[in-house]
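# Coordinates in review
Letter by letter, the chains look like this.
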Amino acid sequence: MKGKFPIPLFPIFFAISPLWTLLARNPGEIVPAMAIRFSLLFIVLTWLTIGIVYLLTHDTLRSIIIGTLIIWSIDSSGHTYRMLAGYFPPFSDWLQPIVLALSGLLVIFLAQKDVWQRLKPERWGMASIPYLNLLSVLSLLFAIWPIFQFWKEAKDDTAISWNTSFQPQKISFTKPFSPPDIYYIILDGYGRQDVLEQVYGFNNEEFLSYLRSRGFFIADKAHSNYIQTPLSLSSSLNFDYINFAEEYAGSKSVNRLPLFSLLRENRARKILEQAGYRFVTTSSGFPFTEFTDADVYLSPYLSTLNELERFYLSTTALDPLISKDTPFGNALRYYLPLPGYVASRQRITYSLEELTKIPGLEGPKFVFVHIVGPHPPFVLDRHGEAVAPTRPYLAGDGEAFGGSSEEYQRQYIDQLIYINSQIELAVDSILKNSARPPVILIQSDHGPGSLLRRDSLEKSCLFERTSILSAYYLPEGSPMLHADISPVNSFRVILNTYFDANLDLLPNITYFSPQSWPYDFTDVTNRIERSCQQ
């Protein structure tokens, strides 16, 4: 080719655009700094790939085009698979390998010298580079613009510190002479007995009778204070309502980032650490409760990737290698724990098993274990055998489940039965192996969601969504426990009983807020006992 070769910038911008596009879909939970490491990595990989192709072809333009296509195929295969799986769900197991094979065949086809020459690149090659540069820049700007808009609107959301907005701000307490270990076990989406019986047709009395036989108090009229996990746990761990978020961020804010701080620096943890407790936790796979800074953080995987990196890799060609329950996939998943059904199942079983071992750790300790079950994804049957959904990975309630309400309810009960059996083993181990009778709180953050419409108050069954399991093991008992005690008061009871904190109990209030606008709170306390209209 004659003439000056334009500087090809498009390989770089095309390589990193999918990463920033993924970030732009959820700027309220992911900070831009999470994208820097992989942006640099893919820039290097892109030019390395182009260099390798050049060594094989000795053709600058062909190596740039083919190298860019290789990286783009790796980047986009997961998105293409998910799109096709929506149209052809019965063939979802085969679609991802087919997409990868077709991408590979296209690259091999274009890499052929005869094919390349037939395309007559001398006519369009150099002239196309400025246009490809422009297109790639526009694609990156299209991804970055929503992020810029979000941060422009969110810049004042934390002008007042959320962590210092709780009441009372100063809490006096007395460290007990022999402080008990404290276990806070969250069984995500675990419904109350009457909900399970009326909506799901399942009698959970066997499990509840087991808990009572071990000395647990069952709050059989308990409701959650909020219907979304980050909101609910931010409230319970700080033993106060978080409605100031609506004032600070606005009812239409999508900024959930301040909730990370409310959870990581929660007041229960701070007070107990001041009292000499160690903070012990297991990996949940849920970003808001991944407390990797705990004194003891237990995980079946290495925690080397941030949340954006994990989700991004799950949309690439690596996903079919890691998501399968094979020896190779399991080995690779240890280093690259991408979101998926196998990882969800392994985290549940790992946390349940670790609960039986944690009593052996040196105390006093505050143990927080968030088990994402019986909440979707449904990855275990009632016997603990693996369930392998055929649809692309989904972990939401309501319409975000991806199946019918009947399918949800059937698989939910199966997973609940298995979790019941393992919680019984864990409770027996904790009671048997603790040096001093411990405090155990087994609680749900919200109820199930087979009849939930995440953005619609009117179309959601509040009775199902807000009625929760709430079981207290307080060896010394407490007159403050009552049938309708809600999570906002749980640690007030514990701190009053064992640390003489003298905290007032708060009114039991339940708030609904849409998934899209987490701080658009509506008091639904007077509506939560209405039966579901199926």
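In this report, the structure presented in the accompanying data block is examined. Small disclaimer: the values here were computed from a predicted structure and weren't measured.

## Here's the deal with the overall build of the protein chain
A count of helical and extended segments in the protein chain gives 19 helices and nine strands. In terms of overall dimensions, the protein chain is globule-like: its C-alpha atoms have a radius of gyration of 26 Å, near the 24 Å expected for 534 residues. In terms of principal-axis extent, the alpha carbons of the protein chain reach across some 90 × 50 × 50 Å. Carbon and sulfur atoms form 59% of the exposed surface of the protein chain, whose accessible area is close to 23,600 Å². The positive charge centre, built from 44 side chains, and the negative charge centre, built from 51, are 8 Å apart in the protein chain.

## Quick look at the packing of aromatic side chains
Under the counting rule described, the total for this entry stands at 37 aromatic pairs. Ring centres of Tyr241 and Tyr511 lie 5.9 Å apart, and the angle between their planes is 80°; on these two criteria the pair is classed as edge-to-face. Of this pair, Tyr241 sits in the loop between helix H9 (229-237) and helix H10 (244-249) while Tyr511 sits in strand S8 (residues 511-512), and the two are 270 residues apart along the sequence. No difference in accessibility class separates Tyr241 from Tyr511, as the two residues are buried. Through a chain of ring-to-ring contacts, the aromatic side chains of Trp162, Phe166, Tyr226, Tyr241, Phe244, Tyr248, Tyr511, Tyr519 and Phe521 assemble into a single cluster. Over the aromatic face of Trp517 sits the side chain of Lys252, whose NZ or CZ is 4.5 Å from the ring centroid.

## With respect to the pairing of strand S7 (residues 470-473)
Residue alternation in S7 divides its side chains into two sets, Ser470 and Tyr472 and Ala471 and Tyr473, and both sets are buried. Relative to S7, strand S2 (residues 217-218) runs antiparallel, the two being bridged by two bridges. In the sheet register, Phe217 faces S7, and the bridge partner there is Tyr472.

## Some remarks on the nonpolar core
Among the nonpolar cores identified, the biggest contains 57 residues, and Trp162, Ile182, Tyr184, Phe366 and Phe491 are the most heavily contacted of them. Ranked by the residues each element gives to this core, the list is headed by helix H19 (residues 490-499), at six residues. Beyond its immediate stretch of four places on either side in the chain, Phe366 contacts Ile182, Tyr184, Leu237, Ala268, Arg269, Leu272, Tyr277, Arg278, Phe279, Val280 and Phe491. Among the nonpolar cores identified, the runner-up in size contains 50 residues, and Leu208, Leu211, Leu352 and Phe463 belong to it.

## So, the environment of Trp517
Inspection of the secondary structure assignment puts Trp517 in the loop between S8 and strand S9 (522-523). For Trp517, a relative accessible area of 32% corresponds to the partly exposed category. When the C-alpha atoms of Trp517 and Ser478 are compared, they prove to be 37 Å apart, with 39 residues separating the residues in sequence. Discounting chain neighbours no more than four positions away, the residues touching Trp517 are Ser251, Lys252 and Ser253.

## Thoughts on the sheet that holds strand S1 (residues 182-187)
In space, the seven strands of this open sheet follow the order S2-S7-S6-S1-S5-S3-S4, with mixed pairing throughout. Edge positions in the open sheet fall to S2 and strand S4 (296-298), since each of these has one partner strand only. Both S1 and strand S6 (residues 439-443) contribute to a ladder of five bridges, which runs parallel. Bridge pairing in S6 places Tyr184 opposite Leu441.

## Some points on H19
Since one α-helical turn is 3.6 residues long, residues separated by three or four positions face the same way. With nine of ten residues buried, H19 is to be regarded as a mostly interior element. For H19, the set of buried residues is Ser490, Phe491, Arg492, Val493, Ile494, Leu495, Asn496, Tyr498 and Phe499. Those residues of H19 hidden inside the fold are in contact with S1, H9, helix H12 (267-274), strand S5 (365-371), S6 and S7. Two residues or fewer past H19, Asp500 is found with a positive phi of approximately 50°.

## As for a nonpolar patch on the surface
On the surface, a nonpolar cluster with roughly 470 Å² of combined accessible area is contributed by Leu41, Leu45, Leu48, Ile52 and Leu56. Within the secondary structure layout, Leu56 lies in helix H2 (residues 36-57).

## Re the pattern of salt bridges
Within the structure shown, the criterion is met by 17 salt bridges. Notably, a salt bridge pairs Arg192 with Glu529, separated by 3.1 Å at the nearest N-O pair. With Arg192 in the loop between S1 and helix H7 (193-198) and Glu529 in the segment after S9, this pair connects stretches of sequence that are 337 residues apart. Of the charged contacts in the structure, one is a salt bridge between Arg382 and Asp414, with a shortest N-O distance of 2.7 Å.

## Some words on the environment of Gln411
Secondary-structure assignment places Gln411 in helix H17 (residues 405-433). Along the sequence, Gln411 and Thr510 sit 99 residues apart, while their C-alpha atoms lie 27 Å from each other. For Gln411, the contacting residues outside a window of four places in its chain are Phe378 and Phe401.

## Things to note about unusual backbone geometry
Note that the residue after Gln167, namely Pro168, is joined by a cis bond; omega there is -15°. In this fold, Pro168 is placed in the loop between helix H6 (121-154) and S1. With an omega of 5°, the peptide bond between Pro376 and Pro377 qualifies as cis. Its place among the elements puts Pro377 in the loop between S5 and H17. Unusually for a residue other than glycine, Asp500 sits at a positive phi of about 50°.

## Here we look at the side chain of Asn489
By the element assignment, Asn489 lies in the loop between S7 and H19. Among all residues touching Asn489, those that are not within four sequence positions of it are Leu505, Leu506 and Asn508.

## What to know about the pairing of strand S3 (residues 278-282)
Among the five residues of S3, four are classified as buried, and the element is accordingly described as predominantly covered. Two elements, S3 and S4, share three bridges in a ladder whose sense is parallel. For Thr281, the partnering residue across the bridge sits in S4 and is Tyr297.

## Some thoughts on H2
Between its first and last C-alpha, H2 extends 32 Å over 22 residues, near the 32 Å set by a 1.5 Å rise per residue. Once H2 ends, the next one or two residues include His58, with phi positive near 55°.

## Observations concerning the environment of Phe328
Within the fold, Phe328 resides in helix H15 (residues 327-335). By relative accessible area, Phe328 is classed as exposed at 53%.

How each quantity is defined
Residues numbered from 1 in each chain as written. Predicted model: local features only at pLDDT ≥ 70, side-chain atom pairs only at ≥ 80, totals over all residues. Heavy atoms only, no water. Helix = DSSP H or I, 4+ residues; strand = E, 2+ residues; numbered from the N terminus. Rg over C-alpha atoms; globule rule 2.2 N^0.38 Å. Areas by Shrake-Rupley, 256 points an atom, 1.4 Å probe, with all protein chains shown as cover. Lys, Arg positive; Asp, Glu negative; His and termini not counted. Charge placed at Lys NZ, Arg CZ, Asp CG, Glu CD. Phe/Tyr/Trp six-rings, centres within 6.5 Å; stacked < 30°, edge-to-face > 60°. Buried < 20%, exposed > 50% of the residue type's maximum accessible area, 1.4 Å probe, protein only. Lys NZ or Arg CZ within 6 Å of the ring centre and 35° of its normal. Pairing = 2+ DSSP bridges. Core = buried A, V, L, I, M, F, W, Y, C linked by side-chain atoms within 4.5 Å. Contact = heavy atoms within 4.5 Å. Patch = residues over 30% accessible without salt bridge, like charges linked within 9 Å, V, L, I, M, F, W, Y side chains within 5 Å. Salt bridge = Lys/Arg side-chain N within 4 Å of Asp/Glu carboxyl O. Expected span 1.5 Å × (residues − 1).

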